Amino acid sequence: KMSSTETYEQPFTLPLDSGRKSKPNTTTTLLSPKSFQASPVIFGYKRRGESCSQCQKRTLETAVRNNLLQRNLSSKACWAGRLDPMAEGLMVFLCGRECAKQKIWNSMTKDYRFRMLLGVTSDTYDSFGLVLSIAPESIDFTKILRKFKHVINLTSNGTFCQPYPPFSSIDARNASGYKQRLWKWSLQNRLNEITHIPSKNVTIFSLKWMSTTYISKQEILRLQHEDADASSKDLSSTFRIDDIKQSWNESLSVTSHDRFPVLTLEASVSSGCYIRSICSELGKKVGTGGLALSIIREKIGPHSVKSVSVEFD
C-alpha cells in the first residue's frame, strides 16, 4: 500500500564509488584543540535515542568539569550538523566566537556507516516509525540481493535533489500560507495540504555495500522495543511509542518471512543528505521497501571519532 507521502517524493539516483572503511567508536568522547581558549571546538558522541540538545548539554558539562572549556563559554554554544534521534555518532559543538563559523562546519562532508533493513517500510524511513508495509510472501530475498547489487552498480549521478523526509524539522507551508514543521504536518495526516515538499541538492561522494546478514523477526521486535523505550526515556516524551510498538508487533506477526536481510553500507555525503532517505529509495528500487535500522556518523570533514584524544564515561 502506498503511503500518502510517496506522492510528493522526487526520484533520485545514487552514485557508485569506493567508500572508506572506518570502525565507529561508541564511547562518549570529547576533543578540544590546543587553541580552545581562543575559539573552542568540542567534539562529542551522540547516543542513539538522544536528542542533539541533550548531547550538547551532557558534552559541554563534561568538558567544563574536565577543564576543557571555560564555563562562561558553554552558555554560548551551538552544534554543526544535526543527527536524527535514532542516529548516533560524532557531533561538533562550537563555543563562543566559533559559533560564527557554523556555516563552514555545516558544509563539511559527512561519513556514515549504516545498516539497512530490507522488506519493511515506515513513515519515518527508520525503525522509529509506524510500519507502512511488509514485503509480500512471494518475495525471494536471495534474488532481491542480486538485484540490489545491480541497482548500486548502475547508478552514477552523484548530485541530486533530495526531498526532506516526512518526519523532519524543516518548515513547510500549505496553500493558505500556514507554516509549521514538516513532521507536524505528517503527524496530523495533513501532508497532502503541502503544495511543495521542501528539497535540497545533495551529493553522495561514495557509497559502498560492505556486508549482509539476516535477522529474525523476533530479534527485530526486541531491538525496536529497546529503541522505543530508550528514546521515550532520553527524549522525555511518549511520542507515538505505544502506537509504534503495536504497529511493529502486528505487522511482523502476520508475515510468513522468518528472517529479513540487513545490509551494512558506508557513505560519504554532502551536508544535509538524509541517510534514511537513501535507505528508503534503495528499498523502492529493488521492490521490497527498506528503512534505516541504525546510523552512525563517523567523520565530519577531516575529523574522525578515532582521532579523538580524550575519552569520558
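Residues numbered from 1 in each chain as written. Predicted model: local features only at pLDDT ≥ 70, side-chain atom pairs only at ≥ 80, totals over all residues. Heavy atoms only, no water.

K.L.:
Where do I start with the overall build of the protein chain in this structure?
P.N.:
Helix and strand counts for the protein chain stand at eight helices and 15 strands. A burial count over the protein chain gives 54% of its 313 residues as buried. Restricting to contacts in the protein chain with at least 6 residues of sequence separation, those with at least 24 account for 76%. Surface exposure of the protein chain reaches about 14800 Å², of which carbon and sulfur atoms provide 49%. (Helix = DSSP H or I, 4+ residues; strand = E, 2+ residues; numbered from the N terminus. Buried < 20%, exposed > 50% of the residue type's maximum accessible area, 1.4 Å probe, protein only. Contact = heavy atoms within 4.5 Å. Areas by Shrake-Rupley, 256 points an atom, 1.4 Å probe, with all protein chains shown as cover.)

K.L.:
Sorry, what's going on with the confidence of the model for the protein chain here?
P.N.:
Here the protein chain averages 82 in pLDDT, while 81% of its residues score no lower than 70. In the model, residues 1–38 has pLDDT below 50 throughout and makes 113 contacts with residues more than four positions away in sequence or in other chains. (pLDDT = per-residue confidence, 0-100.)

K.L.:
Help me out: how do you make sense of the pattern of salt bridges in this one?
P.N.:
If charged atoms from side chains of opposite charge come close, those side chains can pair. Tallying each qualifying case throughout the model produces ten salt bridges. We note a salt bridge from Glu266 to Arg113, for which the minimum N-O separation is 2.3 Å. Remark: Arg113 occurs in strand S5 (residues 110–118) and Glu266 occurs in strand S12 (residues 259–269); sequence separation between them is 153 residues. Across the pair Glu219 and Arg222 runs a salt bridge whose closest N-O atoms are separated by 2.5 Å. You can see Glu219 and its partner Arg222 sitting in helix H6 (residues 217–234), three residues apart, about one turn around the helix. We classify Arg222 as partly exposed; its relative accessible area is 39%. Sharing partners across several salt bridges, the network here consists of Glu219, Arg222 and Glu226. (Salt bridge = Lys/Arg side-chain N within 4 Å of Asp/Glu carboxyl O.)

K.L.:
Looking at this structure, how should I read the pairing of strand S3 (residues 77–80)?
P.N.:
Side-chain positions along a regular strand alternate between the two faces of the sheet. Side chains Cys78 and Ala80 of S3 all project onto a buried face; the interleaved residues Ala77 and Trp79 project onto a face where none is buried. With four bridges connecting them, S3 and strand S4 (residues 87–95) associate as antiparallel partners. By the bridge assignment, Ala80 is partnered in S4 with Val92. Counting the residues in the hairpin turn of S3 and S4 gives six residues, including Gly81, whose phi is positive at 100°. (Pairing = 2+ DSSP bridges.)

K.L.:
I keep staring at the packing of aromatic side chains and nothing clicks. Help me out?
P.N.:
Think of a pair of aromatic rings as described by two things: how far the centres are apart, and how the planes are tilted against each other in angle. Scanning the model with the defined rule gives five aromatic pairs in all. Pairing Phe141 with Phe260 gives two aromatic rings, centres 5.8 Å apart and planes at 55°, and the pair type is tilted. Of this pair, Phe141 sits in helix H4 (residues 141–154) while Phe260 sits in strand S12, placing them 119 residues apart in sequence. A relative accessible area of 0% places Phe260 in the buried class. For the ring pair Phe148 and Trp209, a centre distance of 4.9 Å and an interplane angle of 80° mean the geometry is edge-to-face. Of the two residues, Phe148 is situated in helix H4 and Trp209 in strand S11 (residues 199–216); the sequence distance between them amounts to 61 residues. Using a relative accessible area of 0% as the deciding quantity, one classes Phe148 as buried. The lysine or arginine in question, Arg259, covers the ring of Tyr214, its NZ or CZ lying 4.4 Å from the ring centre. (Phe/Tyr/Trp six-rings, centres within 6.5 Å; stacked < 30°, edge-to-face > 60°. Lys NZ or Arg CZ within 6 Å of the ring centre and 35° of its normal.)

K.L.:
It is not clear to me how unusual backbone geometry should be interpreted in this structure. Could you clarify?
P.N.:
Most peptide bonds take the trans configuration, and most residues that are not glycine carry a negative phi. Positive phi, normally seen in glycine, also occurs at Tyr125, with a value near 70°. Take Tyr125: its relative accessible area is 8%, and that puts it in the buried class. Even without a glycine there, the phi angle at Asn189 is positive, about 55°. Position of Asn189 among the secondary structure elements: in the loop between helix H5 (182–187) and S11. With relative accessibility at 70%, the residue Asn189 sits in the exposed group.

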